[in-house]
Amino acid sequence: MKIPDSLLSRIIFAYLPFMVYAFDLEKAWIAVLCVVAVFWLTVFFFWFTRNLFPEKLRSEVFFFWLLAWAQAVWYFTKLQPLWALSVFFLIPTSFLEPSQKASRVRVFSRVVPRYFWERFLAGFGFIGFVIVMALVQEVLGRQFGMMSFQRPAGILLLLSLAAFLWKNQPYQR
Amino acid sequence: MNIKKTVLTMLQYLFFVLFVAVLLITLSGAKMLSQEVLKNEWYRELIRP
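Predicted model, so just to flag it, every value in this text is computed and none were measured.

What follows covers the overall build of chain A. When you go through chain A residue by residue, the secondary structure sums to six helices and zero strands. Along chain A, from the amino end to the carboxyl end, the secondary structure elements read α-α-α-α-α-α. Relative to its full complement of 173 residues, chain A shows a buried share of 41%. A fraction of 73% describes how many contacts in chain A between residues 6 or more apart in sequence connect residues 24 or more apart. Summed over its atoms, the accessible surface of chain A is roughly 10100 Å², and 69% of this surface lies on carbon and sulfur atoms.

Written out as structure tokens, the structure is:
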């Protein structure tokens, strides 16, 4: 089974805001858990409530929702709200747009468990990706003292390596 | 049929207004709660960048 490319691009985009933070491994864990928890909650919340909002305002509602979470987390942790961008990039907003196919799937249909399962796995994929990046940064940047891995240049190199490996993953029958 | 659609749309807009109001009220509650939580020394130490 080949993992779809759209998931990789989504994960890489979602990782970009993390480059702004100077996290150590522990703080990266906390931040990524926060991102993924809000991501799962958002998917769950909007899947069931999307039809209750006016069609024209669904994107705005999503935007307000994200802003509120970013603000609330800032109150409690003083974490700069850039992490909300990660949630934004991870969310497939297609089910909020009336013209998209996903938005026409009924709220309670047989597709829903599979849909949630895919989102659940996407969250785990993102956690794994961020932790691997933080580990490599920790080992190469701090333990081995390679300066480039303490800066975005090294991270971009890792991102391109991940994209290359993903693009060339072997097919299985 | 049109009346039904209009009423539904109005209800949707009402829900939207309620949703925004709940968000704002929750946020102000979160702000007050966070001020209490941030009084703890160990917690401030935990979240220090």
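Now that the structure has been shown, we can carry on.
Core analysis: the largest hydrophobic core is formed by 59 residues, its most contacted members being Tyr-15, Phe-18, Val-32, Trp-83, Val-87 and Phe-126 of chain A. Breaking this core down by element, the ones donating at least two residues are helix H1 (5–15), helix H2 (25–49), helix H3 (58–77), helix H4 (83–90), helix H5 (111–143) and helix H6 (152–167) of chain A together with helix H1 (2–37) of chain B.

Let us look at H4 of chain A. Listing the buried residues of H4 of chain A in full gives Trp-83, Ala-84, Ser-86, Val-87 and Leu-90 of chain A. The buried side chains of H4 of chain A occupy one side of the element, clustering within an arc of 150 degrees when seen end-on.

Quick look at the interface of chain B and chain A now. On the chain A side, the residues contacting the 19 residues of chain B number 18 residues. Summed over the shared surface of chain B and chain A, the result is zero salt bridges. On inspection of chain B and its partner chain A, the count reaches three residue pairs in polar contact (both at pLDDT 80 or more). The set of elements that each furnish at least two residues to the side of chain B that touches chain A consists of H1 and helix H2 (41–47) of chain B. In terms of residues, the side of chain B that touches chain A owes the most to one element, H1 of chain B, which gives 13 residues. Residues of the side of chain B that touches chain A, tallied by class, amount to 15 nonpolar, two polar and two charged.

Right, let's get into the packing of H2 of chain A against H3 of chain A. Residues and elements named next belong to chain A. At their nearest, the axes of H2 and H3 sit 12 Å apart, and the two run at 150 degrees to each other. Viewed along their axes, H2 and H3 form a crossing whose handedness is right-handed. Listed contacts from H3 to Cys-34, Val-38, Leu-41, Thr-42, Phe-45 and Phe-46 of H2 are Val-61, Phe-62, Trp-65, Trp-69 and Val-73. Residues that form the contact of H2 with H3 fall into these classes: 10 nonpolar, one polar and no charged.

A few words on the packing of aromatic side chains. Enumeration over the complete set of coordinates arrives at 27 aromatic pairs over all chains. Measuring from centroid to centroid gives 5.8 Å for Phe-45 of chain A and Phe-19 of chain B, while their planes differ by 25 degrees, and the two rings are stacked. In this pair, Phe-45 of chain A sits in helix H2 while Phe-19 of chain B sits in helix H1, so the two residues belong to two different chains. On the basis of relative accessible area, Phe-45 of chain A is assigned to the partly exposed category, the value being 23%. Judged by relative accessible area, Phe-19 of chain B falls into the buried class, the value being 9%. Members of the aromatic cluster, joined through ring pairs, are Phe-13, Phe-45, Phe-46, Phe-53, Phe-62, Trp-65, Trp-69, Phe-88 and Phe-89 of chain A together with Phe-15 and Phe-19 of chain B.

Here we take up the environment of Ser-9 of chain A. Residues and elements named next belong to chain A. Checked against the element boundaries, Ser-9 lands in helix H1. Overall, the relative accessible area of 36% leaves Ser-9 in the partly exposed class. For the pair Ser-9 and Phe-89, spaced 80 residues apart in the sequence, the C-alpha separation amounts to 9.3 Å.

The next thing to look at is the pattern of salt bridges. All names here are of chain B. Under the definition given, this model contains three salt bridges over all chains. Put simply, Lys-39 and Glu-36 hold a salt bridge, and the shortest N to O gap is 3.1 Å. The partly exposed category is assigned to Glu-36, whose relative accessible area is 48%. The salt bridge partner of Glu-41 is Arg-44, with a shortest N-O separation of 2.8 Å. A residue pair is termed a helical-turn pair when its members lie 3 or 4 positions apart in one helix, as Glu-41 and Arg-44 do in helix H2 at three residues. The class of Arg-44 is partly exposed, set by a relative accessible area of 39%.

Reading the values: rules and limits
Residues numbered from 1 in each chain as written. Chains lettered and ligands numbered in written order. Predicted model: local features only at pLDDT ≥ 70, side-chain atom pairs only at ≥ 80, totals over all residues. Heavy atoms only, no water. Helix = DSSP H or I, 4+ residues; strand = E, 2+ residues; numbered from the N terminus. Buried < 20%, exposed > 50% of the residue type's maximum accessible area, 1.4 Å probe, protein only. Contact = heavy atoms within 4.5 Å. Areas by Shrake-Rupley, 256 points an atom, 1.4 Å probe, with all protein chains shown as cover. Core = buried A, V, L, I, M, F, W, Y, C linked by side-chain atoms within 4.5 Å. Arc of directions from axis to C-beta. Salt bridge = Lys/Arg side-chain N within 4 Å of Asp/Glu carboxyl O. Polar contact = N/O pair within 3.5 Å; in protein donor to acceptor, adjacent residues only side chain to side chain. Nonpolar A, V, L, I, M, F, W, Y, C, P; charged D, E, K, R; others polar. Axes fitted to C-alpha atoms, helices over the stretch in contact; angles between N-to-C directions. Left-handed = near helix turned anticlockwise from the far one by under 90°. Phe/Tyr/Trp six-rings, centres within 6.5 Å; stacked < 30°, edge-to-face > 60°.

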